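Here is how the chains run, residue by residue.
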Amino acid sequence: MATHLIWFRNDLRITDNLALHAACQDPQATVIALFIATPAQWAAHDMAPRQAAFLLQNLQQLQHALAIRGIPLHYHQCDDFQDSIIWLDDFCQQQQVDALFFNQQYELNEQLRDGALVTRLNHRQGAGHTITCHRFDDSVLLPPGSVLTGNNEMYKVFTPFRRAFIQRLMMSECRCVPAPKMRDSVAVMPLPLLPFDYPQQPVDNQLFPAGEEAALQRLRSFCREQVQDYQLQRDLPAVAGTSCLSPYLALGVLSPRQCFNRLLAECPALLENTDGGAFTWLNELIWREFYRHLLVAYPRLCRHRPFIDWTDGVIWNHSEQQLIAWQQGRTGYPIVDAAMRQLNETGWMHNRLRMISASFLVKDLLIDWRHGERYFMSQLLDGDLAA
């Protein structure tokens, strides 16, 4: 009997999870799941303590959802990606894993980790234990590299990318896959998950309840009741006019396919009415895709390099005092200060305010954007390198 291992990363859901769905296709296979925490890696990339706490909450929900279906979730913590490769290799041998399933992550370090793991597992084939690796483009509507210019290059400007993206999307099969069925009609008893060895800060679960059911409910409600007004209200910070789904998308508690298909179900004419709120929200989902495609096309963006080369010549203002004032919401500019205080208090910031506060830091205070990026990442519940 084959053993299939599904390795969860930023895809903490059971519905519309391509790797999980594929791992469960063989009804005779034993399916086990795994999550590996890497606190030293998180610290190196300024992961917000709130996001770590939200990750743990959603991981607990995932563990229970899997257990009901007879799939145990194993948990391990190691410092960084290199240690995780070695441990995962040993774990696969111990569990006699025949096939490893995981969803792609597009950041450079994650791509290097996955490549090193596949190479390591392939080298074991000569020892008589073959482990087949199956990767899936799960966190995007279309795989990076699939939307290119006539010269077979990645677009550098969003609008032509969007036009080409929509054409390709309409020709693709962007359907959602169901959650796995019960395996062997036997649920498993979930083991308590130990807290991460990483700083954690409480999440306001009134604002952001954990779990994919809460995420799906918020998605349904937004597409049914609010998206028609999205174009008119999304730039008004005092109005609750945005979806607030970004924390769920960042951890993969929700997939972009679920967003697109729910939007299409509620607003079937969204592509004809390009002035409507539904198309405007689809536009935001495509921005999210654009950023991921760019990370793969230009890996230097993962190394704190600018997208526009000449900006490396900017002479930055190194005022620690002004940087701290910006971080604490004490610049004297009310809308900037309100934005930063919202971030510090809740771990989330309205999208229009993100643009205003970031622009103020870089173009008014002339402080290096990398300082702003690090601070945003250290506070954001929806921290995401591509965005």
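The structure we're discussing is the one just above.
> Before we go on, may I ask you to explain the overall build of the chain in this structure?
Helix and strand counts for the chain stand at 15 helices and five strands. In terms of overall dimensions, the chain is globule-like: its C-alpha atoms have a radius of gyration of 22 Å, near the 21 Å expected for 387 residues. Across its three principal axes, the chain shows a C-alpha extent of roughly 65 × 50 × 50 Å. Across the chain, the centroid of the 33 positively charged side chains sits 3 Å from that of the 40 negatively charged ones.

> What am I meant to see in a nonpolar patch on the surface here?
Taken together, the side chains of Phe-307, Ile-308 and Trp-310 present a nonpolar region at the surface, about 350 Å² in accessible area. Mapped onto the elements, Ile-308 comes out in the loop between α11 (277-297) and α12 (320-328).

> What should I look at first to understand the packing of helix α4 (residues 81-94) against helix α5 (residues 108-123) in this one?
How two helices sit against one another is set out by the angle between their axes and by the gap between those axes. Where α4 contacts α5, the axes come no closer than 10 Å and their chain directions differ by 35 degrees. α5 is crossed by α4, and the crossing has right-handed handedness. In contact with Phe-81, Ser-84, Ile-85, Ile-86, Leu-88, Asp-89 and Gln-93 of α4, α5 contributes Asn-109, Glu-110, Arg-113, Ala-116, Leu-117, Arg-120 and Leu-121. Class assignment for the residues of the contact of α4 with α5 results in seven nonpolar, three polar and four charged.

> Any chance you could explain the pattern of salt bridges here in plain terms?
Applying the stated criterion across every chain yields a total of 18 salt bridges. Asp-114 serves as the salt-bridge partner of Arg-9, at 2.7 Å between the closest nitrogen and oxygen. One end of the pair, Arg-9, is in the loop between β1 (3-8) and α1 (18-23); the other, Asp-114, is in helix α5, with 105 residues separating them in the sequence. Several salt bridges converge on common partners, so that one network encompasses Arg-13, Asp-16, Asp-138 and Arg-257.

> Is there a simple way to explain the packing of α12 against helix α15 (residues 369-379) in this structure?
α15 packs onto α12 with a crossing angle of 35 degrees between their chain directions and a minimal axis gap of 11 Å. Both α12 and α15 take part in a crossing whose hand is right-handed. Residues Leu-323, Trp-326 and Gln-327 of α12 form the contact with α15, whose participating residues are His-371, Gly-372, Tyr-375 and Phe-376.

> Where do I start with α4 in this structure?
Three- or four-residue spacings in an α-helix give side chains the same orientation, since the helix completes a turn every 3.6 residues. Taking 1.5 Å as the rise per residue, α4 with 14 residues should run 20 Å; its terminal C-alpha atoms sit 20 Å apart, in good agreement. Those residues of α4 lying buried are Phe-81, Ser-84, Ile-85, Leu-88, Asp-89, Phe-91 and Cys-92. The buried residues of α4 occupy an angular sector of 165 degrees when projected down its axis, which confines them to one face. Buried positions along α4 lie against β1, β2 (30-37), α2 (39-44), β3 (73-77) and α5. N-cap assignment for α4: the residue whose side-chain oxygen lies 3.3 Å from the backbone N of Gln-82 is Asp-80. Residue Gln-96 follows α4 closely and has a positive phi angle near 55 degrees.

The rules behind these values
- Residues numbered from 1 in each chain as written.
- Predicted model: local features only at pLDDT ≥ 70, side-chain atom pairs only at ≥ 80, totals over all residues.
- Heavy atoms only, no water.
- Helix = DSSP H or I, 4+ residues; strand = E, 2+ residues; numbered from the N terminus.
- Rg over C-alpha atoms; globule rule 2.2 N^0.38 Å.
- Lys, Arg positive; Asp, Glu negative; His and termini not counted.
- Charge placed at Lys NZ, Arg CZ, Asp CG, Glu CD.
- Patch = residues over 30% accessible without salt bridge, like charges linked within 9 Å, V, L, I, M, F, W, Y side chains within 5 Å.
- Areas by Shrake-Rupley, 256 points an atom, 1.4 Å probe, with all protein chains shown as cover.
- Salt bridge = Lys/Arg side-chain N within 4 Å of Asp/Glu carboxyl O.
- Axes fitted to C-alpha atoms, helices over the stretch in contact; angles between N-to-C directions.
- Left-handed = near helix turned anticlockwise from the far one by under 90°.
- Contact = heavy atoms within 4.5 Å.
- Nonpolar A, V, L, I, M, F, W, Y, C, P; charged D, E, K, R; others polar.
- Expected span 1.5 Å × (residues − 1).
- Buried < 20%, exposed > 50% of the residue type's maximum accessible area, 1.4 Å probe, protein only.
- Arc of directions from axis to C-beta.
- Polar contact = N/O pair within 3.5 Å; in protein donor to acceptor, adjacent residues only side chain to side chain.

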